[in-house]
Amino acid sequence: MSLTNRSKVVAKKELTLMESLYLPAIFKGMAITLSHLFKRKATIKYPEQTREIAPVYRGQHVLKRDEAGAERCTACGLCAVACPAEAITMEAAERNKGEESLYREEKYAKIYEINMLRCIFCGLCEEACPKEAIFLTDRIVPSSFTRGEEVFGKSILVEDVNERVDVTKRQTPDVLSFKQDKKHAHNQTFQDRLKQ
Amino acid sequence: MDQIIIYKIILCVIVFAVTLGAAAYMTWGERKLASWLQDRVGPNRAGPFGLLQPIADGLKMLFKEEMIPTHSNKWLFILGPSFFMLTACMTGAVIPWGAGFTIDGTYFPMQIADINIGLLYLLGVISIGVYGIMIGGWSSNNKFALLGALRASSQMISYEVAMGLALIALVMLTGTLNLGEIVAQQDADYAYIVYQPLGFLIFLICAFAETNRAPFDLPESESELVGGFHTEYSSMKLGFFLFAEYINMFISSAVMASLYFGGYNFPFQHELGLEGNLLSAIQTAVFLGKILIFIFIFMWVRWTLPRFRYDQLMNLGWKVLLPLAIFNIFITGLVMYFTGKL
């Protein structure tokens, strides 16, 4: 049975006179290579040109701060659970008095590490996050000489207070409303379910 | 008399420089063309369009560590590449690069040595060229190098036979072995490709085999023999082998252009109304253009056709090209007899 109709029946037959001269076949091959001379080159001359990427490209992660500059992450661990590559680890700590401007919730991530060598940039962590804290951005993860450098800690992941990372292309109003709509089971808390 | 000797020395230097320069930039051209045929961009980092790449490559070759294997015959090991380079450069002496210039009533020919057995000299020097490969491969004391050298010598000897026979049919037409005269005859008459299409095809195929170019690059065959005859070579000695291949290519293009495509002559050259030195300069430029076209064909074929298997190579040489060349001589003789040229 044939699935594609592209299979050819191979037969070992004697070459005709024209074929055994090989010259027509050679000229045909030469024409093919010559046609490639005028084709558009596939190369992107990297340092001068960069490759175009989609607006919703999934690159290096960012840990967002809220409007007041406090870290949004509450170290719930849902991103680590959602991660199919098990690239995310974290260690939670309790917020002390006087740290309200630093951390939004009472609990925060003391250590938050993503292993960029394990990460497959699927974006499931972003989908799982209930606090709008982690996002994938259009930045490309830089290469490094050691494996250790590829484990990104909070110093790299958390955005700077003065230099916010733009995630509006990934966090559109539609996405936001979908993530907060209580109709969907994944957005319901335990209390929500008790009320129903 | 002194004047002509000084002129010949200057011409020697010019031809040498042009040949070496052309060979250097043919490496660049080859890499560019190869990448274009494969939808790539090619060397473009050293200078504009990568034009300084040959200089960078040459410097790299010069500064590489020189290695001579302990168990090799040191003098023969050095002699191999030198010999190969020498014979490659020697062939340029008999080629008429142009019609010549007349300055203050003195005639300056554009040919270093106008000898009456130019064609024979050419074949002789080409067949000496195989010694460079053979000596280099044998003195390396390495299995792969020896195999490559053996392949090279048997290949070159096999194809020289067909090449010589293809030329005999041409010589029957020209009646002379003098390259300058052969080119001059094509000014009065048509280019010899019109009379010798089969002979040209045989000569072209043999030229590919003689210069060890793909699809006949069995002596080198980097994918099966490591590097063939130059496996043990490093530094500029390797550079000489690689460089001489390009010089051979340049010279054989020049030979094909002058024997079959009218050399420096071009159609309607006398109807242009140009005289003397200006016409001569244009003719030299046209000749270089013809050489460039042949070099392009050399490279184009290399990046199209896969390498022959060894038995196929021998079959083609002895069982196809040799009978074809003899057949060509026969037909040429018959035609000459019935047209009353004989």
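See above for the structure.
What you see is a predicted model, and the numbers here were worked out from it, not measured in a lab. (Residues numbered from 1 in each chain as written. Chains lettered and ligands numbered in written order. Predicted model: local features only at pLDDT ≥ 70, side-chain atom pairs only at ≥ 80, totals over all residues. Heavy atoms only, no water.)

An account of the overall build of chain B is requested, with residue identities and associated values reported.
Each helix and strand counted, chain B has 10 helices and 2 strands in total. Whereas a compact globule of 342 residues would reach a radius of gyration of roughly 20 Å, chain B reaches 21 Å, a difference of no more than 12%. Viewed in the frame of its principal axes, chain B has a C-alpha envelope of about 60 × 50 × 45 Å. Of all 342 residues assigned to chain B, the portion counted as buried reaches 49%. For chain B, the share of sequence-separated contacts (at least 6 apart) that also reach a separation of at least 24 residues comes to 78%. Positive and negative charge centroids in chain B, built from 18 and 22 side chains respectively, lie 11 Å apart. (Helix = DSSP H or I, 4+ residues; strand = E, 2+ residues; numbered from the N terminus. Rg over C-alpha atoms; globule rule 2.2 N^0.38 Å. Buried < 20%, exposed > 50% of the residue type's maximum accessible area, 1.4 Å probe, protein only. Contact = heavy atoms within 4.5 Å. Lys, Arg positive; Asp, Glu negative; His and termini not counted. Charge placed at Lys NZ, Arg CZ, Asp CG, Glu CD.)

Can you lay out the overall build of chain A for me, pointing to particular residues and giving the numbers?
In terms of regular secondary structure, chain A is built from 7 helices and 5 strands. Shown N-terminal to C-terminal, the secondary structure of chain A runs as helices and strands in the order α-α-β-α-β-β-α-β-β-α-α-α. Taking 2.2 N^0.38 as the reference for a compact globule, 196 residues should give roughly 16 Å; the C-alpha atoms of chain A span a radius of gyration of 27 Å, well beyond that estimate. Projected onto its principal axes, the C-alpha positions of chain A cover 95 × 45 × 30 Å. The proportion of buried residues among the 196 residues of chain A is 30%. Across chain A, the fraction of contacts at a sequence separation of at least 24, relative to all contacts at a separation of at least 6, is 70%. As displayed, chain A has an accessible area near 14,500 Å², and 56% of this comes from carbon and sulfur atoms. Charge centroids of chain A, computed over 32 positive and 28 negative side chains, lie 9 Å from each other. (Areas by Shrake-Rupley, 256 points an atom, 1.4 Å probe, with all protein chains shown as cover.)

Help me get a handle on the environment of B:Ser280, residues and values and all.
All names here are of chain B. Considering the arrangement of structural elements, one finds Ser280 in helix α9 (residues 276–302). Linking Ser280 and Met110, residues 170 residues apart in sequence, is a C-alpha distance of 9.4 Å. Dropping the residues within four chain positions of it, Ser280 is found in contact with Ala99, Gly100 and Phe101.

I'd love a proper account of the interface of chain B and chain A, names of residues and values included.
On the side of chain A, 15 residues touch chain B, which itself brings 15 residues to the contact. Carbon and sulfur atoms supply 70% of the area buried between chain B and chain A, which totals about 1,300 Å² over both sides. Of all residues in chain B, B:Leu37, B:Asp39 and B:Trp300 bury the most surface against chain A, accounting for 38% of the area lost on that side. Linking chain B with chain A are 1 salt bridge, by the criterion used here. Notably, a salt bridge pairs A:Glu48 with B:Arg45, separated by 3.2 Å at the nearest N-O pair. The tally of links between chain B and chain A comes to 6 residue pairs in polar contact (both at pLDDT 80 or more). (Buried area = accessible area lost by both parts, 1.4 Å probe. Salt bridge = Lys/Arg side-chain N within 4 Å of Asp/Glu carboxyl O. Polar contact = N/O pair within 3.5 Å; in protein donor to acceptor, adjacent residues only side chain to side chain.)

Explain the pattern of salt bridges to me, and be specific about the residues and the numbers.
Residue and element names in this part refer to chain A. For the coordinates displayed, the defined rule picks out 16 salt bridges over all chains. For Asp66, the salt bridge identified is with Arg104, shortest N-O distance 3.1 Å. Of this pair, Asp66 sits in the loop between β1 (61–63) and α3 (78–82) while Arg104 sits in the loop between β2 (88–94) and β3 (107–115), placing them 38 residues apart in sequence.

Explain helix α8 (residues 235–260) of chain B to me, using residue names and the numbers behind them.
All names here are of chain B. When the terminal C-alpha atoms of α8 are compared, their 38 Å separation across 26 residues agrees well with the 38 Å that a helix rising 1.5 Å per residue should span. In terms of residue burial, α8 counts as a mostly covered element, since 22 of its 26 residues are buried. Of the residues flanking the end of α8, it is Gly262, one or two places downstream, whose phi is positive at about 80 degrees. (Expected span 1.5 Å × (residues − 1).)

I'd love a proper account of helix α4 (residues 118–139) of chain B, names of residues and values included.
Residue and element names in this part refer to chain B. Under the 1.5 Å per step criterion, the end-to-end length of α4 is 32 Å for 22 residues, consistent within 8% with the ideal 32 Å. Taken together, the buried positions of α4 are Gly118, Leu119, Leu122, Val125, Gly129, Val130, Gly132, Ile133, Ile135, Gly136, Gly137 and Ser139. Where α4 is buried, its residues contact α3 (74–90), α5 (143–174), α6 (179–188) and α8. After α4 finishes, the residue Asn141 shows a positive phi value of roughly 60 degrees.

Explain the packing of aromatic side chains to me, using residue names and the numbers behind them.
Residues and elements named next belong to chain B. Considering all chains together, one arrives at 19 aromatic pairs over all chains under this definition. Taking the centre distance of 6.1 Å and the plane angle of 65 degrees together, the rings of Phe200 and Phe294 count as edge-to-face. With Phe200 in helix α7 (residues 197–210) and Phe294 in helix α9, the pair connects residues that are 94 residues apart, well separated along the chain. For the pair Phe200 and Phe294, a shared accessibility class is recorded, and that class is buried. Geometry around Trp75 places Lys74 over its ring, the cationic atom sitting 5.8 Å from the centre. (Phe/Tyr/Trp six-rings, centres within 6.5 Å; stacked < 30°, edge-to-face > 60°. Lys NZ or Arg CZ within 6 Å of the ring centre and 35° of its normal.)

Provide a residue-level description of the side chain of B:Asn212, including the pertinent values.
All names here are of chain B. Within the fold, Asn212 resides in the loop between α7 and α8. Taking the relative accessible area as the measure of exposure, Asn212 reaches 7% and is therefore buried. Look past the residues within four positions of Asn212 in its chain and what remains in contact with it is Ile133, Gln155, Met156, Asp217, Pro219 and Glu245.

Talk me through the sheet that holds β3(A); I want residue IDs and the actual numbers.
All names here are of chain A. A sheet is described by the order of its strands in space; here 3 strands give the open sequence β2-β3-β5, paired in antiparallel fashion. Every other strand in the sheet has two partners, leaving β2 and β5 (151–152) as the edge strands with one partner each. Two elements, β2 and β3, share 7 bridges in a ladder whose sense is antiparallel. By the bridge assignment for β3, Ala92 is matched with Ala109. (Pairing = 2+ DSSP bridges.)

Go over the packing of α7(B) against helix α10 (residues 310–338) of chain B, please, and point to the residues and values.
Residues and elements named next belong to chain B. At their nearest, the axes of α7 and α10 sit 9 Å apart, and the two run at 150 degrees to each other. Regarding the angle of α7 to α10, the classification is roughly antiparallel. The interaxial crossing formed by α7 with α10 has left-handed handedness. Of the residues in α10, those touching α7 at Leu198, Gly199, Ile202, Ile205 and Cys206 are Leu316, Leu321, Leu324, Ala325, Phe327 and Asn328. Counted by class, the contact of α7 with α10 contains 9 nonpolar, 2 polar and no charged residues. (Axes fitted to C-alpha atoms, helices over the stretch in contact; angles between N-to-C directions. Parallel < 35°, antiparallel > 145°, perpendicular 65-115°, else oblique. Left-handed = near helix turned anticlockwise from the far one by under 90°. Nonpolar A, V, L, I, M, F, W, Y, C, P; charged D, E, K, R; others polar.)

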